[in-house]
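# Structure assessment
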Amino acid sequence: MSRVSEALKPNTKMVPLPSDYIVPERDVNEIPVLECRHLGIDFGGLHAVEDFNLTVGKTEIAGLIGPNGAGKTTVFNLLTKVYAPTRGTIMLDGQDTAGMSISRASQAGIARTFQNIRLFSSLSVEDNVRIGLHNQVHCGMMPGIFRTPRYWKSEREFHEKSLELLDVFDMSSYAGITAGSLPYGAQRRLEIVRALATNPKLLLLDEPAAGMNPSETADLMQNILKIRDQFKISVMLIEHDMDLVMGICEGIAVLNYGKIIAKGTPEQIQENPQVIEAYLGKSREA
Amino acid sequence: MTMFKSMSKSARSTFTTYAMVVVAYVIVQILANGGMITNSLTGQLVPICAYICLAVSLNLVVGISGELSLGHAGFMSVGAFAGVVAAACFSSSVPNDALRLILSIAVGGGCAAIAGFVVGIPVMRLHGDYLAIVTLAFGEIIKNIMNNLYVGLDSAGLHFSMTDANSLGMSGGTILINGPQGAVGIEKLSTFFAGFILVIFCLFVVLNLIHSRSGRAIMAVRDNRIAAESVGINVTKYRLMAFVISAALAGMAGALYAMNYSSIVPKKFDFNTSILILVFVVLGGMGNIRGSVISATILTILPEMLRAISDYRMLIYAIVLILVMLVSNNPTLKGAWANLRSRLRGRRGRPKVAAAEAAGDAPEGGDSDE
C-alpha cells in the first residue's frame, strides 16, 4: 500500500506525507517534531488559515514567510494553543495536541517568543529565566513558604540553570537587572533564553530580527544556529528579513491569504513565480 | 554589618522589614511599660497589628498578583466569627489561653481560606474591573450571611441557624453569634504580643512566598499573562493560590481583631473596611510589603492622634491622605530621592547596572499582539 493512501485511511496512525516536508530529503521514518494536517481556523466568515499542511523534522530550521496579514502569527497561535483550530490536527513529536491548554502545550515541548516583546518586565533578568524554568525545577508552595531543604535545593538549581542559559547569549552579567530596562536587542535575546528554559522540542520565533540592525541580525543568525546545535531542537521562525530567512532556514513555507502557496528550500522559494507574485504582484504582460 | 552587605538585595530588603517590625515592637513595649502611651493608643495596639496583617495579605492580591480585590473585609469577617466560635468551643478543652488563641486564629484562618477558595473559583474567571466588582459583591454577600447567622453552643455541641435565635433548638448553653447583634461576651484573648507574632507570621508567609517558585509564577501572571501561560504556568492555579493565601491571612487577622473586643458586629466588616485596607495598600505602594506595614500603622494611629481636634479629625485625616498620595507620586520628589540614594551608594560604586540602564531606549513589552 502506498504511503499516501495509508495516510488517508481513517483511524490509522498518521504517517507524514513526503510532500508535507519542507525539506524534501528528510527521513520519513523518523517521527517529526511538528506535523500539521489540514489545519484551519475561521474567524467568523474569514478563513484566516486554511488547509495548512506542514511537517517539521527534528533539528530542522524552518521559515514561515509571507506578506503582512497572511496569517503567520495566527499559525503560531494555533500551534501554541492560543486559538483552538476549527479544523485539522497538530501533532507535536507524535502527540496529538487537541484540547491542550497553552500551558499544557508548553509542557508538551513547544516554546515561543512574541512579535511584541512580552517579558516579565518588572522582574529581574534572572527571574525571567527562572520563570521559564517553572516546569523544569519543582518546589511546591509549602516548601517555598517554610523554606525546607527542598526549597534551598530548588533555588540553587534555578540559579545554576538560569545562569547557564543566560551564558548561551552572553547575558549572565545582566542577571540582576530589571528586564524592562534592558536595551531592545537584549530584551529579544532574553525572550529566546526564557523560551529555551522551558526545555522545548520546537522553538517558535516570531520576527526575532524585528528592529535589529544588520550586525545584530548577523549575531542572531549565529545564535539561532548555535542553539539548534547545542540544544538539538527544531526552530520555526517568522521573519521579514530575507537575509536571515534565506541564510539559515533549511526549509521555507510561504503563506498568503492563510494558505501555503509554496514550500521548499531557500533556492526553490526564491525562484518560485507564485512567491514572487505574492510579494511583488503580477507583471503587466501576464 | 558586613554580613548585611553580603546579602542579596532582596534578602536585605526582607531583613530590613523584619528588623523594623521587631524594633517598633520593642520600642512600643518599653514605652507602654513606662506608662508613656495613652490609654486610647494602648487599645489600638492589637487593631494596628490586625490591620498590618490585613494590609500585607491584601497586598499579596493587589500588588503581587495584580488583581483588584474589594471584598477583603469579608474574609476578615469570616475569620473573626469563626475564631470567636472556636475560642468558645475550646474554652473547656484547652485551658491554656495562648494555645486557645493560636487554635482560634488557625480556625479563623482555615475558614477564611475555605471562603476564599469558594469565592475564588468563580472570581478567577474574571479580570480587572470585573474582578473588582465581583469581589465587592462577594464581600457584601459574606456580610449579609453573617448578619443572618445564629450560632449557639450547648452540651450537645454547636447549633447553626439562618432564621433566628429561637430556631437554634438549644437546651441551655450560650448564643455565640446572634445575627445582626454579632458576637457578644467574647473572651479577650488577643494581646499585643500575639499581634506582633501574627504580623511576623504574615510577613514570613508573604515574603517567603514571593521569593519562591510559586511567588515568581504569581508575579509572572501579573506582569504578562500570555507570556506566563506560554512558559507553561497554570495561570488559574497561581491566581487562586494568591487569593486563598490572602484570604487565610485576612481571616487570621480577623480572629485576632475580634478577640480584642468583648463584642463584635458583622456591620463592622463592611465595604468601608475593605476600602480602608485597600487605602493602606495603595498608600504603602502596590507590591511593597514594608510600605503596607508602615502605612497601616500610621493610618490607624493617625485618627487617634487627631482626637484632640475632634471636630476636624476626619477632615485632617482626609487631607493627610491626599497629601501623601500627591507627594508619593510626585516625579520631582521621586527623582530627588533616587538621586540621593544613588549618591549615598555611589561611593562604593555600582558598575554594570547603571551602565546597562543608561544604555537603552528600552521599550515596554507591548500589549497589542494578538
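Below is a short write-up of the structure. This structure is a prediction, so every number in the text was calculated from the model and none was measured.

## Digging into a nonpolar patch on the surface
Taken together, the side chains of Ile309, Tyr312, Leu315, Ile319, Ile322, Leu323 and Leu326 of chain B make up a nonpolar region of the molecular surface, amounting to roughly 700 Å² of accessible area. Examined against the element boundaries, Tyr312 of chain B turns out to sit in the loop between α12 (289-305) and α13 (313-328).

## Points about the sheet that holds strand β3 (residues 174-178) of chain B
Residue and element names in this part refer to chain B. If you trace the 3 strands from one edge of the open sheet to the other, you get β2-β1-β3, paired in antiparallel fashion. Only two strands of the sheet have a single partner each, and these edge strands are β2 (157-161) and β3. Strand-to-strand twist of the sheet, defined as the mean angle between neighbouring strand axes without regard to direction, takes the value 20°. When strand β1 (residues 150-154) meets β2, the two strands line up antiparallel, connected through 5 bridges. Its bridge partner being in β2, Asp154 is matched across the sheet by Gly157. Contacts between helix α4 (residues 72-93) and the sheet are confined to β1, β2 and β3, with β3 contributing the most and set at about 170° to the helix.

## What about the pattern of salt bridges?
All names here are of chain B. Applying the stated criterion across every chain, the model contains 18 salt bridges over all chains. Asp97 is the salt-bridge partner of Arg100, the closest N and O atoms lying 3.1 Å from each other. Of this pair, Arg100 and Asp97 both sit in helix α5 (residues 97-123), 3 residues apart, which is roughly one turn of that helix. The exposure class assigned to Asp97 is partly exposed, which follows from its relative accessible area of 42%.

## Remarks on the interface of chain B and chain A
Interface size is often expressed as the accessible area that is lost when the parts come together. At the interface, 43 residues of chain B touch 47 residues of chain A. Taken together, both faces of the contact between chain B and chain A bury some 3,800 Å²; the carbon and sulfur share is 58%. On inspection of chain B and its partner chain A, the count reaches 1 salt bridge. Between Arg216 of chain B and Glu155 of chain A there is a salt bridge whose closest N-O contact spans 3.1 Å. Across the contact surface, chain B and chain A share 17 residue pairs in polar contact (both at pLDDT 80 or more). Mapped onto the side of chain B that touches chain A, the elements with two or more residues apiece are α7 (192-210), α8 (213-223), α9 (225-230), α10 (235-258) and α15 (351-359) of chain B. Each residue belonging to the side of chain B that touches chain A can be placed in one class, and the counts come to 20 nonpolar, 12 polar and 11 charged.

## A short note on the side chain of Ser246 of chain B
All names here are of chain B. Along the chain, Ser246 falls in helix α10. Of the residues examined, Ser246 reaches a relative accessible area of 1% and is grouped as buried. Side-chain polar atoms of Ser246 contact the backbone oxygen of Ser57, separated by 2.9 Å. Excluding residues within four positions of it along the chain, Ser246 makes contact with Ser57, Leu58, Leu60, Val61 and His72.

## Some remarks on the pairing of β1 of chain B
Residue and element names in this part refer to chain B. Of all 5 residues that make up β1, 5 are buried, and the element is covered over most of its length. The two faces of β1 match: Tyr150, Gly152 and Asp154 on one face and Val151 and Leu153 on the other face are all buried. The antiparallel hairpin formed by β1 and β2 contains 2 residues in its connecting segment. Here β1 pairs with β3 via 4 bridges, running antiparallel. Its bridge partner lying in β3, Gly152 is registered against Ile175.

## Focus: a negative patch on the surface
Together, Glu160, Glu164, Asp167 and Asp170 of chain A line one region of the surface with negative charge. Mapped onto the fold, Glu160 of chain A is located in helix α6 (residues 149-168).

## Section: the nonpolar core
Grouped together as the largest cluster of nonpolar side chains are 108 residues, with contacts concentrated most on Phe75 and Ile233 of chain B. Residues within four places of Ile233 of chain B in sequence aside, it is in contact with Ser103, Ile131 and His134 of chain A together with Ala217, Ala220, Val221, Ala228 and Tyr238 of chain B. The next biggest cluster of nonpolar side chains, apart from the first, holds 46 residues, and it includes Leu133, Leu166, Val193 and Met212 of chain A.

Calculation rules
Residues numbered from 1 in each chain as written. Chains lettered and ligands numbered in written order. Predicted model: local features only at pLDDT ≥ 70, side-chain atom pairs only at ≥ 80, totals over all residues. Heavy atoms only, no water. Patch = residues over 30% accessible without salt bridge, like charges linked within 9 Å, V, L, I, M, F, W, Y side chains within 5 Å. Areas by Shrake-Rupley, 256 points an atom, 1.4 Å probe, with all protein chains shown as cover. Salt bridge = Lys/Arg side-chain N within 4 Å of Asp/Glu carboxyl O. Helix = DSSP H or I, 4+ residues; strand = E, 2+ residues; numbered from the N terminus. Pairing = 2+ DSSP bridges. Axes fitted to C-alpha atoms, helices over the stretch in contact; angles between N-to-C directions. Contact = heavy atoms within 4.5 Å. Buried < 20%, exposed > 50% of the residue type's maximum accessible area, 1.4 Å probe, protein only. Buried area = accessible area lost by both parts, 1.4 Å probe. Polar contact = N/O pair within 3.5 Å; in protein donor to acceptor, adjacent residues only side chain to side chain. Nonpolar A, V, L, I, M, F, W, Y, C, P; charged D, E, K, R; others polar. Lys, Arg positive; Asp, Glu negative; His and termini not counted. Charge placed at Lys NZ, Arg CZ, Asp CG, Glu CD. Core = buried A, V, L, I, M, F, W, Y, C linked by side-chain atoms within 4.5 Å.

Scope: geometric values only; no functional claims are made or implied.
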